[in-house]
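# Examination of the molecular architecture
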Protein chains: 2
Amino acid sequence: MAKELTKRSENYSQWYNDLVVKADLAENSAVRGSMVIKPYGFAIWEKMQSVLDGMFKATGHQNAYFPLFIPKSFFSKEADHVEGFAKECAVVTHYRLKNDEKTGKVVVDPDAKLEEELIVRPTSETIIWDTYSRWVQSYRDLPLLINQWANVVRWEMRTRLFLRTAEFLWQEGHTAHATEQEAIEEAEKMMNVYADFVEGWLAVPVMKGVKSPNERFAGAVETYCIEAMMQDGKALQAGTSHFLGQNFAKAFDVQFLNKENKLEYVWATSWGVSTRLIGALIMSHSDDQGLVLPPKLAPIQVVIVPIYRKPEQLAAITEKADEIIKVLKAKGISVKFDDRDTYKPGYKFAEWEMKGVPVRLAMGPRDLENGTVEVARRDTLEKETLQMTGIAEKIEHLLDKIQDNIFQKALSFREDMTTSADTWEEFVEKIEKGGFVWAHWDGTPETEQKIKEKTKATIRLIPIDKEKEAGKCIFSGEPSEQRVVFARSY
Amino acid sequence: MAKELTKRSENYSQWYNDLVVKADLAENSAVRGSMVIKPYGFAIWEKMQSVLDGMFKATGHQNAYFPLFIPKSFFSKEADHVEGFAKECAVVTHYRLKNDEKTGKVVVDPDAKLEEELIVRPTSETIIWDTYSRWVQSYRDLPLLINQWANVVRWEMRTRLFLRTAEFLWQEGHTAHATEQEAIEEAEKMMNVYADFVEGWLAVPVMKGVKSPNERFAGAVETYCIEAMMQDGKALQAGTSHFLGQNFAKAFDVQFLNKENKLEYVWATSWGVSTRLIGALIMSHSDDQGLVLPPKLAPIQVVIVPIYRKPEQLAAITEKADEIIKVLKAKGISVKFDDRDTYKPGYKFAEWEMKGVPVRLAMGPRDLENGTVEVARRDTLEKETLQMTGIAEKIEHLLDKIQDNIFQKALSFREDMTTSADTWEEFVEKIEKGGFVWAHWDGTPETEQKIKEKTKATIRLIPIDKEKEAGKCIFSGEPSEQRVVFARSY
């Protein structure tokens with residue numbers, strides 16, 4: 001691990017790219033825009049999946065699986081949706097290859113052209129609502145509370161590992177309800193589930209609210225979102241939950257007989273988070289030494305590095321390490337004993353720092369004599385020598401402290417980076433510095449669009465739980481009911 | 001649930017199709033050959049995934065994720081592999097749709113044609129070995145023990161829910177080793193993991209062995225497999241594990257520096273099981289009343305149906321049911337209390353029978369008086385009235401008994417359906433009756449092919465742990481070293 005990272009202050013974007021590769025999280029593949037998620041990066045995703053899946057099930061949802069391919073015609077059924085999604089996507093046109101007799105190469109068989117092209121799902125509302133049209137007849141079939149873990153493809157032109165890739169992994173919830181109110185409550189509930197997850201596990205503070213019409217999901221009536229602040233002052237949308245009204249029910253003719261025996265269209269929501277969360281995690285906490293992982297999501301929470309010269313020293317340390325591993329595992333703490341004889345301790349220290357392991361223990365012959373162990377925490381890079389007595393409790397406590405500390409640090413940063421502006425000049429200046437800027441907006445898409453053109457900032461969210469405060473739009477001077485949050489974003 | 005199943009004796013194939021739909025496991029989608037896996041069916045898959053994933057991790061494997069798309073040229077790199085896989089597959093040729101100005105319809109944008117077509121992965125050896133070429137430099141990088149949970153697409157012409165679908169879910173392990181011996185051991189180990197899983201959890205007995213060259217995976221040196229016997233006398237391949245030699249290492253130039261600092265090609269394995277296992281599960285145990293699920297994989301292990309006329313009776317039963325639920329959950333047994341007031345008990349009984357819930361409890365006012373509960377087991381359809389005392393232990397024991405019983409039943413059936421043949425006439429007659437037939441074979445692909453043409457039977461496996469016994473090929477009369485297992489198959 002002699003290879004150093006680019007410093008954040010030098011080039012934040014390069015720092016991120018370096019880090020993703022050097023911490024062994026992911027890499028670009030031979031397919032443009034598609035990444036390979038390496039075992040260490042995938043282990044973080046698995047932990048996220050496991051926690052989220054539990055939260056979805058605790059709120060009454062079940063998993064199912066719907067087809068990867070969507071008939072092209074399905075996209076035309078919901079007018080806004082087709083504008084938003086049917087454009088940059090992967091299109092399957094043929095179902096067979098053959099050997100070209102002249103060249104000996106493998107070519108697409110022109111005789112195997114599909115009658116109707118298939119789209120690799122960019123999101124599954126259309127195929128799922130086509131399915132729901134067969135599943136829903138009566139109020140007794142509602143609510144349908146279904147989630148899917150899947151891969152999706154959006155043909156992005158400029159891609160970045162985890163943040164924006166052509167193929168990514170996600171979950172998409174798709175629910176069907178008998179009433180508008182119930183669907184709205186579901187959409188809000190899932191925004192709150194996401195917020196709890198991102199704050200409680202990723203240790204990333206988020207703001208909650210709804211999107212402006214410009215930023216709304218294609219086909220949604222309302223998009224609820226959570227927004228996080230990255231260390232470079234740019235916002236990142238970490239999850240969205242959409243109230244879809246009856247748009248998809250009407251497009252796919254999903255009606256149900258209510259208790260009064262009358263036909264009604266069903267009300268819908270959809271909501272998703274993706275492997276993009278790993279990008280948010282990395283950019284929120286990591287530093288110039290590498291990754292900083294929240295203990296609750298770290299694939300390895302504790303690493304033990306033996307310091308020795310002679311084999312008998314290693315044997316003695318190993319014996320002690322085994323004891324520690326046993327008591328840590330009994331507490332559900334994941335621990336790795338790095339006894340590779342092919343690398344020196346200094347190399348190992350740098351490697352586990354790069355990989356963001358929250359706690360590192362080092363043990364040498366003197367520690368054995370003294371009944372001590374050196375404990376280093378990744379978040380502050382502080383080291384101290386502790387007595388072995390009660391080591392499991394000490395480490396358990398330390399992991400909690402680290403989880404809390406990185407959340408508090410990210411929260412302080414977010415608070416420092418959140419300001420408000422009352423004039424256009426002030427607004428432009430603050431946006432230029434980065435961070436969230438609370439400002440009045442006249443509520444029109446035109447003004448939002450012009451602000452975006454002039455400053456590259458968009459409305460990240462409109463608050464839903466904040467007291468309203470009248471004012472004047474920083475751009476147009478027209479009346480405004482409340483401040484909204486602007487930022488440049490990923 | 002008034003709708004009855006087709007009887008197995010009338011039309012086995014129709015029985016299967018009916019059952020998959022009526023037990024709410026899966027259905028066909030709007031996309032030809034692609035199924036929707038419904039929540040109840042997916043819950044079985046989730047249980048399978050969870051157990052298998054634990055077994056893979058216990059044997060040292062890690063999960064990762066590789067791209068869905070594979071550049072067309074990758075398939076040409078391994079000569080046998082391209083013959084086997086690059087034919088019936090979904091081909092992405094374009095990356096954009098647009099609105100046709102004349103018709104107003106959504107059409108493929110001819111300007112967005114890919115330079116090189118992308119294949120939706122039918123299996124991932126090529127993209128993974130392209131990746132491994134960047135990951136493997138030294139013996140210190142080996143072994144690589146990686147698994148992927150993913151969707152794959154093979155453009156099958158005749159599809160059947162779970163058994164053969166264009167898109168299916170699976171896991172694919174891809175490992176890289178420094179020595180031939182280690183790779184062979186890995187391939188055998190994973191065959192054994194599959195056998196333990198299918199016998200221990202699905203309660204489906206399997207035979208282990210290797211495939212004949214005709215039936216080998218395209219690109220493999222040896223294919224290890226497990227084969228199960230379905231109730232209609234046809235065999236079903238339940239899992240395969242391939243020793244790939246150095247074929248993919250050579251195709252993608254994956255070499256490593258060994259300890260003597262010499263360059264060598266890496267040795268490989270790959271292995272997979274898929275949602276097809278759900279088909280095997282269904283066809284092994286289910287009956288004319290519906291699904292029979294092994295308790296270890298049943299999404300709901302126990303269902304409680306209250307029998308009542310008056311609301312106060314329901315209230316009293318609910319109270320008692322809550323106690324049972326509590327003690328069952330404490331033992332890790334999943335239980336559902338079916339208190340829907342929209343259906344009668346008889347309807348509920350039939351529904352849970354159709355869905356294969358292993359144990360059904362029914363409780364009425366008289367049971368409350370007597371301190372009893374009616375217990376029905378799905379496998380034998382037997383009912384008995386039990387005292388409530390120690391009910392959790394009784395049910396726990398019953399679930400074990402059911403798991404064991406359905407395995408033993410399937411094993412007896414498989415044994416009854418396993419015969420041997422010494423002459424061609426005997427062979428033809430026995431194959432016609434169904435089941436596994438042990439017979440001598442001269443070892444040539446030509447003979448195997450001719451036997452297939454005449455009887456539709458193929459060699460399901462060549463045993464690896466059986467004593468050899470010389471004889472004469474039932475077809476050609478040429479000398480044979482050992483009997484192999486023939487059957488008609490799915």
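Residues numbered from 1 in each chain as written. Chains lettered and ligands numbered in written order. Predicted model: local features only at pLDDT ≥ 70, side-chain atom pairs only at ≥ 80, totals over all residues.

### Some remarks on the overall build of chain A
- Looking only at helices and strands, chain A features 14 helices and 27 strands.
- Rg of the C-alpha trace for chain A: 26 Å, near the compact-globule value of 23 Å for 490 residues, within the 12% margin.
- Viewed in the frame of its principal axes, chain A has a C-alpha envelope of about 80 × 70 × 55 Å.
- When the 490 residues of chain A are sorted by exposure, 48% land in the buried category. (Helix = DSSP H or I, 4+ residues; strand = E, 2+ residues; numbered from the N terminus. Rg over C-alpha atoms; globule rule 2.2 N^0.38 Å. Buried ≥ 20, exposed ≤ 12 C-beta atoms within 10 Å, placed from the backbone.)

### Section: the packing of helix H9 (residues 311-330) of chain A against helix H12 (residues 391-416) of chain A
Residues and elements named next belong to chain A.
- Taken N-terminus to C-terminus, the directions of H9 and H12 make an angle of 55°; their axes are 9 Å apart at the nearest point. It follows that H9 is oblique to H12 by the angle criterion. Crossing geometry of H9 relative to H12 is assigned as right-handed. On H12, the residues touching Ile324, Val327 and Leu328 of H9 are Ile391, Ala392 and Ile395.
- The residue inventory of the contact of H9 with H12, partitioned by class, reads six nonpolar, no polar and no charged. (Axes fitted to C-alpha atoms, helices over the stretch in contact; angles between N-to-C directions. Parallel < 35°, antiparallel > 145°, perpendicular 65-115°, else oblique. Left-handed = near helix turned anticlockwise from the far one by under 90°. Contact = placed C-beta atoms within 7 Å. Nonpolar A, V, L, I, M, F, W, Y, C, P; charged D, E, K, R; others polar.)

### Examining the domain arrangement of chain A
- Each assigned domain of chain A is listed with its residue range as follows: domain 1 (12-285), domain 2 (300-398) and domain 3 (418-487).
- Here domain 1 of chain A and domain 2 of chain A have C-alpha centroids that lie 41 Å from each other. (Domains from an automatic or database assignment.)

### Comments concerning the sheet that holds strand E16 (residues 267-274) of chain B
- With mixed pairing, seven strands are arranged side by side in an open sheet as E3-E9-E10-E16-E13-E12-E11 (chain B). Across the chains shown, the open sheet's two edge strands, defined by having one partner strand only, are strand E3 (62-63) and strand E11 (207-210) of chain B. (Pairing = 2+ DSSP bridges.)

### Description of the nonpolar core
- Counting residues in each nonpolar core, the largest one holds 302 residues, and the members touching the most others are Val198 of chain A together with Val198 and Ala228 of chain B.
- Ignoring anything within four residues of it in the chain, the contact list for alanine 228 of chain B reads Val198, Val204, Pro205, Val206, Ala235, Leu236, Ala238, Ala280 and Ser284 of chain B. (Core = buried A, V, L, I, M, F, W, Y, C linked by C-beta atoms within 7 Å.)

### Notes on the sheet that holds strand E22 (residues 418-420) of chain A
Residues and elements named next belong to chain A.
- Read from one edge of the open sheet, four strands run E22-E23-E27-E24, paired in mixed fashion. Bordering the open sheet on either side are E22 and strand E24 (458-461), each of which pairs with just one other strand. Strand-to-strand twist of the sheet, defined as the mean angle between neighbouring strand axes without regard to direction, takes the value 40°.
- Note: E22 against strand E23 (residues 436-440), three bridges, orientation parallel. Looking at the pairing, threonine 418 lines up with phenylalanine 436 of E23.

### Remarks on the interface of chain A and chain B
- Listed by partner, the interface residues are 52 residues for chain A and 52 residues for chain B.
- Examining the composition of the side of chain A that touches chain B, we find that four residues originate from one element, strand E5 (residues 91-94) of chain A, more than from any other.
- For the side of chain A that touches chain B, the class distribution of residues is 31 nonpolar, ten polar and eleven charged.
- When E5 of chain A meets strand E5 (residues 91-94) of chain B, the two strands line up antiparallel, connected through three bridges. Opposite histidine 94 of chain A, over in E5 of chain B, you have valine 91 of chain B as the bridge partner.

### Quick word on the relation of the copies chain A and chain B
- Mapping chain A onto chain B leaves a residual RMSD of 0.0 Å; the transformation is a rotation of 180° accompanied by 0.0 Å of translation along its axis. The transformation just described matches what one would write down for a two-fold rotation axis. Identified as the residue of chain A closest to the rotation axis by C-alpha distance is valine 92 of chain A, at 2.1 Å.
- The residues that chain A uses at the interface reappear at the interface of chain B in 100% of cases, marking a shared surface. (Least-squares fit on C-alpha atoms with pLDDT ≥ 70 in both.)

### Here's the deal with the confidence of the model for chain A
- Residue-level pLDDT values for chain A average 96, and 99% of them are 70 or greater.
- Model confidence for the complex is summarised by a pTM of 0.96, with the ipTM given as 0.96. (pLDDT = per-residue confidence, 0-100.)

### Comments concerning helix H13 (residues 424-433) of chain B
All names here are of chain B.
- Listed in full, the buried residues belonging to H13 are Phe427, Lys430 and Ile431. For H13, the buried positions fall inside an angular range of 100° around the axis, keeping them on one side. In this structure, H13 carries Glu425, Glu432 and Lys433 as exposed residues pointing more than 90 degrees from its buried face.
- Lining the buried residues of H13 we find strand E22 (418-420), strand E23 (436-440), helix H14 (445-455) and strand E27 (483-487).
- Backbone geometry just downstream of H13 places glycine 434 in the positive-phi region, at approximately 95°. (Arc of directions from axis to C-beta.)

### Thoughts on the environment of glycine 477 of chain A
- With respect to the helices, strands and loops of the structure, glycine 477 of chain A is situated in the loop between strand E25 (471-472) and strand E26 (479-480).
- For glycine 477 of chain A and aspartate 442 of chain A, which are 35 residues apart along the polypeptide, the C-alpha to C-alpha distance reads 7.7 Å.

### A look at the environment of serine 124 of chain B
Residues and elements named next belong to chain B.
- Its place among the elements puts serine 124 in the loop between strand E8 (113-120) and helix H5 (125-135).
- Sequence separation of serine 124 and leucine 68 is 56 residues, and the distance between their C-alpha atoms is 8.5 Å.
- Sequence-distant contacts of serine 124, defined by excluding residues within four places in its chain, comprise Phe66, Gln148, Glu172 and His174.

### Things to note about the pairing of E16 of chain B
All names here are of chain B.
- Extensive coverage of E16 is indicated by the burial of eight of its eight residues.
- Burial of E16 is two-sided: the residues Trp267, Thr269, Trp271 and Val273 facing one way and the residues Ala268, Ser270, Gly272 and Ser274 facing the other way are all buried.
- As judged from the eight bridges shared by strand E10 (residues 167-177) and E16, these two strands associate in the antiparallel manner. Residue pairing for E16: alanine 176 is matched across the bridge by alanine 268.
- As paired strands, strand E13 (residues 235-245) and E16 are joined by five bridges and run antiparallel to one another. Residue pairing across strands places histidine 242 opposite serine 270, the latter belonging to E16.

### Thoughts on unusual backbone geometry
- Cis rather than trans, the peptide bond between leucine 142 of chain A and proline 143 of chain A has omega equal to -5°.
- The topology assignment puts proline 143 of chain A in the loop between helix H5 (125-135) and strand E9 (144-153).
- Even without being a glycine, asparagine 261 of chain B presents a positive backbone phi close to 65°.
- Here asparagine 261 of chain B is to be found in the loop between strand E14 (255-257) and strand E15 (263-265).
- Within the chain, leucine 381 of chain B stands out as a residue other than glycine whose phi angle is a positive 65°.
- Tracing the backbone shows leucine 381 of chain B in the loop between strand E20 (372-377) and strand E21 (383-387).

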